[in-house]
Amino acid sequence: MLAFYTHTHERTPQVLASAEAQTRLWAIKEAVLKFLGIGLGCDPRSVRVLPYLRLEGSALLRWKELGRPPLSLWEKTLPDSVIAVAYSEPGDLHGKSQE
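Each chain has its residues counted from 1, following the order in which its sequence is written. The model is predicted, so local features are restricted to residues of pLDDT at least 70 and side-chain atom pairs to those at 80 or more, both for listing and for counting; the totals for chains, interfaces and linings are taken over all residues. Only hydrogens and water are set aside when side-chain values are computed; all heavy atoms of the structure are taken into account.

**Q** Can you walk me through the pairing of strand 3 (residues 72-77) in this structure?
**A** If a strand is regular, its side chains alternate between the two faces of the sheet. The pairing of strand 3 with strand 4 (residues 82-87) spans 6 bridges and is classified as antiparallel. Counted as the bridge partner of glutamate 75 is alanine 84 from strand 4. Counted along the chain from strand 3 to the antiparallel partner strand 4, the turn is 4 residues long. Between any two strands, pairing holds if DSSP finds at least two bridges. Secondary structure elements are taken from DSSP: a helix is a run of H or I of four residues or more, a strand is a run of E of two residues or more, and numbering for both begins at the N terminus.

**Q** Mind showing me how you'd approach the nonpolar core here?
**A** It is characteristic of soluble globular proteins that their nonpolar side chains tend to be buried jointly. In this structure, Val32, Leu36, Val47, Leu55, Ala59 and Ala86 are the most contacted members of the largest nonpolar core, which totals 17 residues. Among the elements that take part in this core, helix 2 (residues 19-35) stands out by supplying 6 residues, more than any other. Leaving out residues up to four positions away in the same chain, leucine 55 has contacts with Val32, Leu36, Ser46, Val47, Leu60 and Trp63. Among the buried residues, those of types Ala, Val, Leu, Ile, Met, Phe, Trp, Tyr and Cys that are joined through side-chain atoms within 4.5 Å form a nonpolar core. Burial classes: relative accessible area under 20% of the type maximum marks a residue as buried, over 50% as exposed, and values in between as partly exposed (1.4 Å probe, protein chains only). Only heavy atoms enter the contact rule, under which two residues are in contact if any of them lie within 4.5 Å.

**Q** Where do I start with helix 2 in this structure?
**A** Along an α-helix, residues three or four positions apart point the same way, because every turn accommodates 3.6 residues. Helix span, expected: 1.5 Å multiplied by one less than the number of residues in the helix. The first and last C-alpha atoms of helix 2 sit 24 Å apart over 17 residues, in line with the 24 Å expected at 1.5 Å per residue. Within the sequence span of helix 2, burial applies to Gln22, Leu25, Ala27, Ile28, Lys29, Ala31, Val32, Leu33 and Phe35. Buried residues along helix 2 sit in contact with helix 1 (13-16), strand 1 (47-48), strand 2 (54-55), helix 3 (57-65), strand 3 and strand 4. Once helix 2 finishes, glycine 37 follows within two positions and takes phi at roughly 80°, a positive value.

**Q** What's the story with the side chain of serine 46 in this structure? I'm lost.
**A** Its location among the elements puts serine 46 in the loop between helix 2 and strand 1. You can call serine 46 buried: its relative accessible area is 8%. Apart from residues no more than four positions distant in its own chain, serine 46 is found in contact with Leu33, Arg54, Leu55, Glu56 and Ala59.

So this is what it looks like as structure tokens:
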């Protein structure tokens, strides 16, 4: 079992049985942490992906420090890889808040 999955929603039989699903979760977590500017210096378990994106701990604190910007995700699964990008629209990093 992969150590960066602690939440029961991320430990579904489908995820545990699929290297592609595990890679997808990892790519999303990494993209979100890089978006927040903390990268893998933060515990990847602070980003919950399933059933919806939720930040906890250090990731949540950093998101609040950034002014609670709207966070969007784009992802694509290719035959040999998964690409994930976390982003905000221009101007969203300061001034807008999301509760």
